[in-house]
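Analysis of the macromolecular model
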Amino acid sequence: MATDLLACTHRGDFPVLDQKVNGSPLVYLDNAASTQHPACVIDEIARYYREDHANVHRGIHALSSRATKLYEDARACAARFLGADSNDSIIFTRGTTEGINLVASSWGTEHLGPGDIILITEMEHHANLIPWQMAARRTGATLQYLPVHGDEGIIDWSLLDRRFKGSPVRLLAFTHVSNSLGCINPVSQICAEARRNGVITLVDAAQSAGHAPVNVQELGCDFLVFSGHKCCGPTGIGVLYGNPELLADLAPYQFGGEMISSVTYESAQWKSGPHRFEAGTPHIAGAVGLATALDYLDKIGRPAIQTSDHHLGRLAYERLSTLPGMRILGPKTERAGIVSFQLGTIHAHDLVAYADQFGIAMRGGHHCNQPLMRKLGLHATARASFYFYNTESEIDRLVDVLHRASRYFGV
Ligand code: C6P
């Protein structure tokens, strides 16, 4: 089975997985919140601090040159990872959230005004919703939502053309993979439709970049964002890809050191390229660790990781749906390795705390999708999310513990 084949080969790369929690072997099923780190990433960050650390782009001494080279090599690595034509299209951020805030702030302020429409979907994470609410408030633009239908989380993308025609939609921001529903949106088809209608696109790839091939040329998007910690990299580092033409005349949204070419007491001029969006000392070790993580994933192969994820997601859906009182969100088949569910009347927090007693790590809550949860008549769900180091037998353990929980809580 492709799934366990990857886990057999690579699970041993992740030291944190080899431990007991509450007396049972750890079953880590909280990968949509944050994935774990292979030893090569941990070692490379430690090596960087031991041997090469200094501030970047400032010093002329050897350590600063080495740190600068590593930081800029990491940018080239991220560009390769996303299939970007130029390293200058890659801006390092703190993560997905900061990347979207940057676009909403810089692009939004310059390009949006009263009468314009920002279009997003009802399944967006708060990170791809609140920045647009704020941009609308600042600029006088209107924020509109593409509706999500039913527990399966279907969006009728075929209506997009009609939605665009004759209406002043300026930007469409949407997630590639929903962190609550586990559905996969057809990004290249959506971006092609948007481009035909002169609409700028932003793709939230937080749940996809480390899980499937993501190539910005093939997707045809204008902006794309992801977080390092959701793809085996460190927290506090992420990537914003921007179409070079759009980035060229975008103003920075933070100001200070690193991003200027010249300053007087009266005014300042910005550097060109991505550096003008990276004010202050960047997360150098984060970028170094991220590059190691991205290379590691591409050595395994993202198509193989995608196959494994989809297999585990489908299998979990099938097995969980045999439990009495089970309600699962998202599509039955074409799904990523994210399975959110409500078991009887058990509150998600209680269920997740119960599973933790058996060493199973899941997430319970609204997953930063409050409006979607409300629409579906839910406060919260429990969520199991998989990565290539998970196994089928871990799904068996999850199902076994959920059966026990049903008995314990009287479902
Ligand atoms: N979701 C989860 O589902 P940051 O925190 O900036 O690294 O990522 C934000 C974010 C944006 N978009 C999507 C689709 C996401 O899933 C997330 C993060 C986590 O558990 C935390 S709520």
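What you are looking at is a predicted structure, and each value in this text was computed from that prediction instead of being measured.

A few points about the domain arrangement of the chain
According to the domain assignment, the chain contains domain 1 (2–30 + 302–409) and domain 2 (43–299). Each of domain 1 and domain 2 has a C-alpha centre, and these two points are 28 Å apart. In this assembly, 34 residues from domain 1 lie in contact with 33 residues from domain 2. Between domain 1 and domain 2, the buried area comes to about 2,700 Å², and carbon and sulfur atoms account for 51% of it. If you look at where domain 1 meets domain 2, you find 4 salt bridges. For the salt bridge of E152 with K332, the shortest nitrogen-to-oxygen distance reads 3.7 Å. Across the contact surface, domain 1 and domain 2 share 22 residue pairs in polar contact (both at pLDDT 80 or more). Per-element accounting of the side of domain 1 that touches domain 2 gives the leading share, 6 residues, to helix α11 (residues 302–320). Residue classes in the side of domain 1 that touches domain 2 are distributed as 16 nonpolar, 9 polar and 9 charged.

Examining the pairing of strand β9 (residues 223–227)
With respect to burial, β9 is a largely interior element, 5 of its 5 residues being buried. Here β9 shows two buried faces, one formed by F223, V225 and S227 and the other by L224 and F226. Judged from the 3 bridges that link them, strand β8 (residues 200–204) and β9 form a sheet pairing that is parallel. If you follow L202 over to β9, its bridge partner there is F223. Of the pairings in the sheet, the one linking β9 to strand β10 (residues 238–242) comprises 5 bridges and is antiparallel in character. Within β10, the position partnered with S227 by the bridge is G238.

What to know about the pairing of strand β7 (residues 169–175)
Looking along a regular strand, one sees the side chains alternate between the two faces of the sheet. Within β7, 6 of the 7 residues are buried, which leaves the element mostly enclosed by the surrounding structure. Two strands pair when backbone bridges link them, and strand β5 (residues 117–121) and β7 are joined in this way by 3 bridges, in the parallel orientation. Paired with I118 across the strands is L171, a residue of β7. Pairing between β7 and β8: 5 bridges, direction parallel.

Overview of the sheet that holds strand β6 (residues 142–146)
On the basis of which strands lie adjacent, the open sheet formed by 7 strands has the order β4-β10-β9-β8-β7-β5-β6 and mixed pairing. The open sheet has two free edges, formed respectively by β4 (90–93) and β6, since each of these has just one partner strand. Strand-to-strand twist of the sheet, defined as the mean angle between neighbouring strand axes without regard to direction, takes the value 20 degrees.

What counts and what doesn't
Residues numbered from 1 in each chain as written. Predicted model: local features only at pLDDT ≥ 70, side-chain atom pairs only at ≥ 80, totals over all residues. Heavy atoms only, no water. Domains from an automatic or database assignment. Contact = heavy atoms within 4.5 Å. Buried area = accessible area lost by both parts, 1.4 Å probe. Salt bridge = Lys/Arg side-chain N within 4 Å of Asp/Glu carboxyl O. Polar contact = N/O pair within 3.5 Å; in protein donor to acceptor, adjacent residues only side chain to side chain. Helix = DSSP H or I, 4+ residues; strand = E, 2+ residues; numbered from the N terminus. Nonpolar A, V, L, I, M, F, W, Y, C, P; charged D, E, K, R; others polar. Buried < 20%, exposed > 50% of the residue type's maximum accessible area, 1.4 Å probe, protein only. Pairing = 2+ DSSP bridges. Axes fitted to C-alpha atoms, helices over the stretch in contact; angles between N-to-C directions.

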